[in-house]
Amino acid sequence: MQIRFDVPADPAYPGRVAAALSSVRLRRYGYIGAVLAVLGAIGLAVSQGSARGDRIVPLFTALVVAGVLSMLYAPFVRWRARRRSSGYAVAGAYDITDDNIMMRSGSESGGIAWDGVAQVRSTDDFWIVYVGRMPATVIPRRLMSAEDAETLRAFMAQRGLL
């Protein structure tokens, strides 16, 4: 397998990469926030019928507020990453073989051996490549030809990475 493609110097591209990589880690904040908000809302509803409800209302209100803030944390981080990374737009390229993934961005280059890849997760725009439990890089499907994308998908499925 020999797949090569270029990454244009698009100011929006680094932000999309940052959002894809951060969404993996930040998803749990949304779940935790939803649980806190639901518990707080249930507590507020129950405290309305209680004789001591006025004493515990601040606690449940704090749970609702903490839950909403936790749910808003991930979108805030993604927005900030997109805003900050737009200055990093440089042309680059990928060279993917049976042995490794080589990435070049500007004057920097690096690679990841397929033997070190633990798993690959699929999103709408990218394949997120994990080394161990950490997301290491992304492979942009949108920039590849359909044939190359299918070849790479079959290769990763054959190795049990998808």
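Computed from a predicted structure; not experimentally measured. (Residues numbered from 1 in each chain as written. Predicted model: local features only at pLDDT ≥ 70, side-chain atom pairs only at ≥ 80, totals over all residues. Heavy atoms only, no water.)

Caption draft 1: Just the side chain of Ser47, in detail. Positionally, Ser47 belongs in helix H1 (residues 13–48). By relative accessible area, Ser47 is classed as buried at 4%. A polar contact of 2.9 Å, which involves the side chain of Ser47, links it to the backbone oxygen of Leu44. (Helix = DSSP H or I, 4+ residues; strand = E, 2+ residues; numbered from the N terminus. Buried < 20%, exposed > 50% of the residue type's maximum accessible area, 1.4 Å probe, protein only. Polar contact = N/O pair within 3.5 Å; in protein donor to acceptor, adjacent residues only side chain to side chain.)

Caption draft 2: Seen up close, the environment of Arg141. Within the element layout of this structure, Arg141 appears in the loop between strand E7 (134–140) and helix H3 (146–158). Separated by 89 residues in the primary sequence, Arg141 and Arg52 have C-alpha atoms spaced 58 Å apart. Not counting chain neighbours up to four residues away, the residues in contact with Arg141 comprise Ser122, Thr123, Asp124, Asp125, Phe126 and Trp127. (Contact = heavy atoms within 4.5 Å.)

Caption draft 3: Structural detail: the domain arrangement of the chain. Partitioning the chain into structural domains gives domain 1 (12–85) and domain 2 (92–159). Relative placement of domain 1 and domain 2: their C-alpha centres are 32 Å apart. Each side of the interface is counted separately: domain 1 has 7 residues, and domain 2 has 13 residues. Across the domain 1 to domain 2 interface the summed buried area is about 790 Å²; carbon plus sulfur atoms make up 71%. Taken together, the connections running from domain 1 to domain 2 amount to 0 residue pairs in polar contact (both at pLDDT 80 or more). In terms of residue class, the side of domain 1 that touches domain 2 is made up of 5 nonpolar, no polar and 2 charged. (Domains from an automatic or database assignment. Buried area = accessible area lost by both parts, 1.4 Å probe. Nonpolar A, V, L, I, M, F, W, Y, C, P; charged D, E, K, R; others polar.)

Caption draft 4: Summary view of the UniProt feature "domain: YcxB-like C-terminal" (unreviewed entry) in the chain. UniProt's entry tags residues 96–156 with the feature "domain: YcxB-like C-terminal" (unreviewed entry), counted in the numbering of this structure. Measuring from the first to the last C-alpha atom of residues 96–156 gives 12 Å, for a span that is 18% helix and 51% strand. (UniProt positions renumbered as here; feature names shortened; annotations may be inferred.)

Caption draft 5: Highlighting H3. In this model H3 runs 18 Å from its N-terminal to its C-terminal C-alpha over 13 residues, within 8% of the 18 Å that 1.5 Å per residue would give. Three or more residues of H3 are buried, namely Ala149, Leu152, Phe155 and Met156. End-on view of H3: buried residues confined to an arc of 125°, all on one side of the axis. Exposed side of H3, more than 90 degrees from the buried face: Ala146, Glu147 and Gln158 are the residues found there. Next to the buried residues of H3 lie strand E1 (2–7), strand E2 (92–97), strand E5 (119–122), strand E6 (126–131) and E7. Just downstream of H3 lies Gly160, where phi reads positive at about 75°. (Expected span 1.5 Å × (residues − 1). Arc of directions from axis to C-beta.)

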